[in-house]
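Now for the letters of each chain:
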Amino acid sequence: QVQLVESGGGLVQAGGSLRLSCAASGRTSTTNAMGWFRQAPGKEREFVAAIAWNTYYADSVKGRFTISRDNAKNTVYLQMNSLKSEDTAVYYCAAREAMGISTFQNGYEFWGQGTQVTVSS
C-alpha cells in the first residue's frame, strides 16, 4: 500500500500563489506516475496535472501551475501561481503503479485525503 498526505492548502487572494505538497509513504517503489486532481463544490473531480518522466497539464492551469517531484523525499509538489477564484477546490494527490501519465481518476490506485484551496476574488 501507498499512503499519500497532502499539505499546503489555504486561503489566498486572486493573483496569489500556493504550493501544495504530497508526501508518499509505504511501498513507494511500486509507484511511477503521480497526479493532482481537484473537486470544486457541486462539480466532478477533474484532472489538474501529472508527472512521470514528463509532465502534463489541464488546459485550465497550463502556464500557471507547475508539477514537480523530489524522489529522495518521496514528495510531489504543485506550484500554483496567478490563482483565480475558479481554482477554488479540494485538491487531491494520486499515485499510480502503471508507467506513464493518466488523466483519468481510475488510472490511479492510491489517493490522499485532499487539501482545501480557497481563492478569494
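Described in the following lines is the structure provided in the data block. No experiment lies behind these values; they were computed from the predicted model shown.

1. What to know about the overall build of the protein
1) Next: Counting its secondary structure elements, the protein contains 0 helices and 11 strands.
2) Next: Each helix and strand of the protein, ordered N terminal to C terminal, gives the series β-β-β-β-β-β-β-β-β-β-β.
3) Next: If one aligns the C-alpha atoms of the protein with their principal axes, the spans along those axes are about 40 × 25 × 25 Å.
4) Next: Residue burial in the protein is summarised as follows: out of 121 residues, 46% are buried.
5) Next: Pairs at least 24 apart in sequence give 60% of the contacts found in the protein among residues at least 6 apart.
6) Next: Working note: accessible area of the protein is about 6,300 Å², and carbon and sulfur atoms make up 46% of it.
7) Next: One way to put it: in the protein the 11 positive side-chain charges average out to a point 4 Å from where the 9 negative ones average out.

2. Some thoughts on the sheet that holds strand E3 (residues 18-26)
1) Next: Pairing in this open sheet of 4 strands is antiparallel, and the strands run E1-E3-E8-E7 from one edge to the other. Each having just a single partner strand, strand E1 (2-7) and strand E7 (65-70) make up the two edges of the open sheet. Neighbour-to-neighbour, the strand axes of the sheet open up by a mean angle of 15°, direction not taken into account.
2) Next: Strand direction decides the pairing type here: E1 and E3, joined by 6 bridges, are antiparallel. Across the sheet, Val2 pairs through a bridge with Gly26, a residue of E3.

3. Section: the state of the cysteines
Working definition: the covalent bond between the sulfur atoms of two cysteines is a disulfide.
1) Next: Overall, the coordinates contain 1 disulfide when judged by the stated rule.
2) Next: Each sulfur of the disulfide joining Cys22 and Cys93 lies 2.0 Å from the other. Given an S-S torsion of about -80°, the disulfide between Cys22 and Cys93 has left-handed geometry. With Cys22 in strand E3 and Cys93 in strand E9 (residues 89-96), this residue pair connects regions lying 71 residues apart in the sequence.
3) Next: Using a relative accessible area of 0% as the deciding quantity, one classes Cys93 as buried.

4. Here we look at the packing of aromatic side chains
1) Next: All told, the structure shown has 5 aromatic pairs when counted by the stated rule.
2) Next: With 6.2 Å between their ring centres and 65° between their planes, Tyr108 and Trp111 make a pair best called edge-to-face.
3) Next: Accessibility expressed as a relative area gives 5% for Tyr108, which makes it buried.
4) Next: Of the residues examined, Trp111 reaches a relative accessible area of 24% and is grouped as partly exposed.
5) Next: A network of ring pairs unites the aromatic residues Phe37, Phe47, Tyr56, Tyr108 and Trp111 as a single cluster.
6) Next: For the cation-ring pair, Arg45 lies above Tyr92, with the distance from its terminal atom to the ring centre recorded as 3.7 Å.
7) Next: Directly above the ring of Trp111 sits Arg45, whose terminal nitrogen or CZ lies 5.0 Å from the centroid.

5. Let's talk about the pattern of salt bridges
One side chain can pair with another of opposite charge once the charged atoms of both are near each other.
1) Next: Tallying each qualifying case throughout the model produces 4 salt bridges.
2) Next: Across the salt bridge formed by Arg38 and Glu46, the nearest N and O atoms sit 2.7 Å from each other.
3) Next: For the salt bridge of Asp87 with Arg64, the shortest nitrogen-to-oxygen distance reads 2.8 Å. Here the residue Asp87 occupies a position in the loop between strand E8 (75-80) and E9, and Arg64 occupies one in the loop between strand E6 (55-57) and E7, the gap between them amounting to 23 residues.
4) Next: Its relative accessible area of 11% is what places Arg64 among the buried residues.
5) Next: Beyond isolated ion pairs, a larger network of salt bridges with shared partners links Arg38, Glu46, Arg64 and Asp87.

Conventions adopted
Residues numbered from 1 in each chain as written. Predicted model: local features only at pLDDT ≥ 70, side-chain atom pairs only at ≥ 80, totals over all residues. Heavy atoms only, no water. Helix = DSSP H or I, 4+ residues; strand = E, 2+ residues; numbered from the N terminus. Buried < 20%, exposed > 50% of the residue type's maximum accessible area, 1.4 Å probe, protein only. Contact = heavy atoms within 4.5 Å. Areas by Shrake-Rupley, 256 points an atom, 1.4 Å probe, with all protein chains shown as cover. Lys, Arg positive; Asp, Glu negative; His and termini not counted. Charge placed at Lys NZ, Arg CZ, Asp CG, Glu CD. Pairing = 2+ DSSP bridges. Axes fitted to C-alpha atoms, helices over the stretch in contact; angles between N-to-C directions. Disulfide = S-S within 2.5 Å. Phe/Tyr/Trp six-rings, centres within 6.5 Å; stacked < 30°, edge-to-face > 60°. Lys NZ or Arg CZ within 6 Å of the ring centre and 35° of its normal. Salt bridge = Lys/Arg side-chain N within 4 Å of Asp/Glu carboxyl O.

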